[in-house]
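As a plain string of letters, each chain reads:
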Amino acid sequence: QVQLVESGGGLVQPGGSLRLSCAGSGIDSSFYGMGWYRQGRGTQRDLVATITSGNEITYADSAKGRFTISGDFAKNTIHLHMDSLKSEDTAVYYCNALLITGVRTMDYWGQGTQVTVSS
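Here's the deal with the pattern of salt bridges
Step number 1: Inspection of the entire model under this criterion finds 3 salt bridges.
Step number 2: A salt bridge links Arg66 to Asp89, with the nearest nitrogen and oxygen atoms 2.8 Å apart. With Arg66 in the loop between β6 (57–59) and β7 (67–72) and Asp89 in the loop between β8 (77–82) and β9 (91–100), the pair connects residues that are 23 residues apart, well separated along the chain. Grouping residues by exposure puts Arg66 and Asp89 together as buried.
Step number 3: In this structure, the salt-bridge partner of Lys75 is Asp72, at a minimum N-O distance of 3.7 Å.
Step number 4: Look at Lys75 and you get exposed, because its relative accessible area is 57%.

The structure is reproduced here in structure tokens:
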């Protein structure tokens, strides 16, 4: 069974920085990639950044140039370094893991960590 645990969220002022971390367990050889998604109050969950086991990286336009995703897959861990934070970055940030067996695609999610950007 796959489990993902996020940490590092909190309250920061506009222009500040945070580093989020996600520690995974129970991930087997079908692992394809991991990523960060976020969901504001009453909104859908949107992609922020993803990284594959082959180190292919994708960013949302809103994150590009400000956020950096990195991974240490030997430890099933990813990080998200966030700089120049804006009020619109306020959301619950969720860690995702994608596993593909060739027959089935499976998504797993962490519990989320709250990021609040406010003066």
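Topic: the nonpolar core
Step number 1: Met34, Trp36, Leu80, Met82 and Tyr93 are the most contacted members of the largest nonpolar core, which has 28 residues in total.
Step number 2: Residue assignment for this core shows that the elements contributing at least two residues are β3 (18–25), β4 (31–39), β5 (45–52), β7, β8, β9 and β11 (113–117).
Step number 3: Counting residues per element, this core draws most heavily on β9, at 5 residues.

Remarks on the state of the cysteines
Put plainly, two cysteines are in a disulfide when a covalent bond ties their sulfur atoms together.
Step number 1: Tallied over the entire structure, the rule returns 1 disulfide.
Step number 2: A sulfur-sulfur distance of 2.0 Å marks the disulfide that ties Cys22 to Cys95. With the S-S bond torsion at -80 degrees, the cross-link from Cys22 to Cys95 turns out left-handed. Taken as a pair, Cys22 in strand β3 and Cys95 in strand β9 lie far apart in primary sequence, 73 residues in all. There is no split in this pair, since Cys22 and Cys95 are both buried.

Comments concerning the pairing of β3
Step number 1: Here strand β1 (residues 3–7) runs beside β3; their pairing, made up of 5 bridges, is antiparallel. Directly across from Leu4, in β3, lies its bridge partner Gly24.
Step number 2: Note: β3 against β8, 6 bridges, orientation antiparallel. Looking at β8, one finds that Ala23 is bridged to Thr77.

Points about the packing of aromatic side chains
Step number 1: The full count for this structure, using the stated rule, is 2 aromatic pairs.
Step number 2: An angle of 75 degrees between the planes, with centres 5.1 Å apart, marks the rings of Tyr37 and Trp109 as edge-to-face. Of the two residues, Tyr37 sits in strand β4 while Trp109 sits in strand β10 (residues 105–109), which places them 72 residues apart along the sequence.
Step number 3: Tyr37 gets classed as buried once you look at its relative accessible area, which sits at 18%.
Step number 4: The residue whose ring lies beneath Arg45 is Tyr94, and the NZ or CZ to ring-centre distance is 3.7 Å.
Step number 5: In this structure, Arg45 is placed above the aromatic ring of Trp109, and the distance from its NZ or CZ to the ring centre is 4.6 Å.

Regarding the environment of Thr43
Step number 1: Within the element layout of this structure, Thr43 appears in the loop between β4 and β5.
Step number 2: Given a relative accessible area of 40%, Thr43 falls into the partly exposed group.
Step number 3: Residues Thr43 and Ala91 lie 48 residues apart in sequence; the distance between their C-alpha atoms is 9.5 Å.
Step number 4: At a separation of 2.9 Å, a polar atom in the side chain of Thr43 contacts the main-chain amide nitrogen of Gly40.

Calculation notes
- Throughout this description, residue numbers start from 1 for each chain and increase along the sequence as written.
- Local features are withheld for residues below a pLDDT of 70 in this predicted model, meaning they are given only at 70 or higher, and side-chain atom pairs are given and counted only at 80 or more; totals for whole chains, interfaces and linings count all residues.
- Heavy atoms from the whole structure form the basis of all side-chain values; hydrogens and water molecules are not counted.
- Criterion for a salt bridge: a side-chain nitrogen of Lys or Arg within 4 Å of a carboxyl oxygen of Asp or Glu.
- The helix and strand labels rest on DSSP assignments: H or I over at least four residues marks a helix, E over at least two residues marks a strand, and numbering proceeds from the N terminus.
- Each residue is assigned to one of three classes by its accessible area relative to the maximum for its type, calculated with a 1.4 Å probe on protein chains only: buried under 20%, partly exposed between the two thresholds, exposed over 50%.
- Among buried residues, the Ala, Val, Leu, Ile, Met, Phe, Trp, Tyr and Cys ones that are joined through side-chain atoms within 4.5 Å form a nonpolar core.
- Any cysteine sulfur atom paired with another within 2.5 Å is treated as part of a disulfide.
- One requirement defines pairing of two strands: DSSP has to find at least two bridges between them.
- Stacked, edge-to-face and tilted labels apply to pairs of Phe, Tyr and Trp rings (six-membered ring for Trp) whose centres lie within 6.5 Å, assigned for plane angles under 30 degrees, over 60, and everything in between, in that order.
- Criterion for a charge above a ring: Arg CZ or Lys NZ at most 6 Å from the ring centre, at most 35 degrees from the ring normal.
- Pairs of N or O atoms within 3.5 Å make up the polar contacts considered here, provided that, within protein, one atom can donate a hydrogen while the other can accept it, and that residues adjacent in sequence are counted only when both atoms are side-chain atoms.

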